Amino acid sequence: MKTPEITRFLGDLDRQIHISVIPECPSTNSLLKSQAPEIPTDAVLIAESQSDGRGRLGRSFYSPPGSGLYMSVLTRPDLENADLPLLTPAAAVAVCGAIEAVANVPASIKWVNDVYVGGKKVCGILTETAFGPEGDRFCVVGIGVNLFPPPGGFPPDIADTAGAILDKPVPDLLTRLAAHIIERFFALLPHLPELTFVPEYRSRSLLPGKDIFVIRDSAALPAKALGVDDRCGLQVMYPDGTHETLRSGEVTVRMR
Ligand code: BTN
């Protein structure tokens, strides 16, 4: 894929956003963070594969060539620090809408940053905030989407949980999906403090009503997910009846 192929689907936005597509790198998030001081505008970096794709909590993100979209978005949002955690759920909403628009399959969100299709994780989001040499703050939102199952299947450690948005390759899917995500994300960005995307985040959320484990300090605490609050926090109740709203972290669904 070449940069012009994606700008073909982007309308006017490509004039305001620096877009580049490269064959491979260790991690688009790491590369874009290192390039950020030289890029004054918003930017998107897409790699056709990553040799060291990174996920949340120090995990890796499997990023083989030919079957996924590995994309990072650089932005300097006009947001209070307290609003930065809204970037990840807003990106999840953008990804779900984009998947439904280009692949016509329903997409849901597992709090806080995973997108699911057909009961499997098809996308993860890793948002990082950093500072340039002048102390200027920037954010890199990394989005990895499994478009098709890789030839030979997913590696054993993720084979049970990972899925793809479609069964087999479709022409232009990667470029159209990337363009839809970019359009939707940059449309939401100026309005994050208004929280207008939160009802959609909530209605797409898979966890409310489910028995879960809250993962904390390598312990798995049983809880029930009750709902998603107006800032995308996960409201949970523990067996002793106490309530908590989680702002970050990790939960897993308890199998019966
Ligand atoms: C997760 O599932 O915990 C988040 C995965 C984020 C993966 C994307 S792929 C593009 C960008 N570059 C990375 O190294 N990670 C993100």
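The written sequence of each chain sets the order in which its residues are numbered from 1. Only residues with pLDDT of at least 70 get local features here, since the model is predicted, and only at 80 or more are side-chain atom pairs given and counted; chain-wide, interface and lining totals rely on the full set of residues. The side-chain quantities take in all heavy atoms of the structure and omit both hydrogens and water.

What links the strands of a sheet is backbone hydrogen bonding, and the strands pair in either a parallel or an antiparallel sense. If you trace the seven strands from one edge of the open sheet to the other, you get β1-β2-β3-β7-β6-β5-β4, paired in mixed fashion. Two strands close off the open sheet at either side, each with one partner strand: β1 (17-25) and β4 (108-110). Neighbour-to-neighbour, the strand axes of this sheet turn through a mean angle of 20°, independent of strand direction. Only strands joined by at least two bridges in the DSSP assignment are considered to pair. Counting from the N terminus, the helices are DSSP H or I runs at least four residues long and the strands are E runs at least two residues long. Bridging between β4 and strand β5 (residues 114-117) involves three bridges; their strand directions are antiparallel. By the bridge assignment, Ser 108 is partnered in β5 with Tyr 116. Structural elements are reduced to axes, namely lines fitted to C-alpha atoms, with helices fitted over the stretch in contact, and the angle between N-to-C directions of any two is expressed from 0 to 180 degrees.

Basic side-chain nitrogens of Lys or Arg form a salt bridge, by our definition, when they fall within 4 Å of a carboxyl oxygen of Asp or Glu. Summed over the entire model, instances satisfying the criterion amount to 12 salt bridges. A salt bridge links Asp 83 to Arg 231, with the nearest nitrogen and oxygen atoms 2.4 Å apart. Of this pair, Asp 83 sits in the loop between β3 (68-75) and α3 (87-103) while Arg 231 sits in the loop between β9 (219-228) and β10 (234-237), and the two are 148 residues apart along the sequence. For Asp 83, a relative accessible area of 11% translates into the label buried. In this structure, Asp 211 and Arg 254 form a salt bridge, with 3.9 Å as the shortest nitrogen-oxygen distance. Here Asp 211, found in strand β8 (residues 211-216), pairs with Arg 254, found in the segment after β12 (250-253); they are 43 residues apart in sequence, far enough to count as distant. Buried residues are those whose accessible area, probed at 1.4 Å on protein chains only, stays under 20% of the maximum for their type, while exposed residues exceed 50% and partly exposed ones sit between those limits. Accessibility expressed as a relative area gives 19% for Asp 211, which makes it buried. Relative accessible area serves as the criterion here: at 28%, Arg 254 is assigned to the partly exposed category. Taken together, the salt bridges that share partners define one network made up of Lys 33, Arg 54 and Glu 128.

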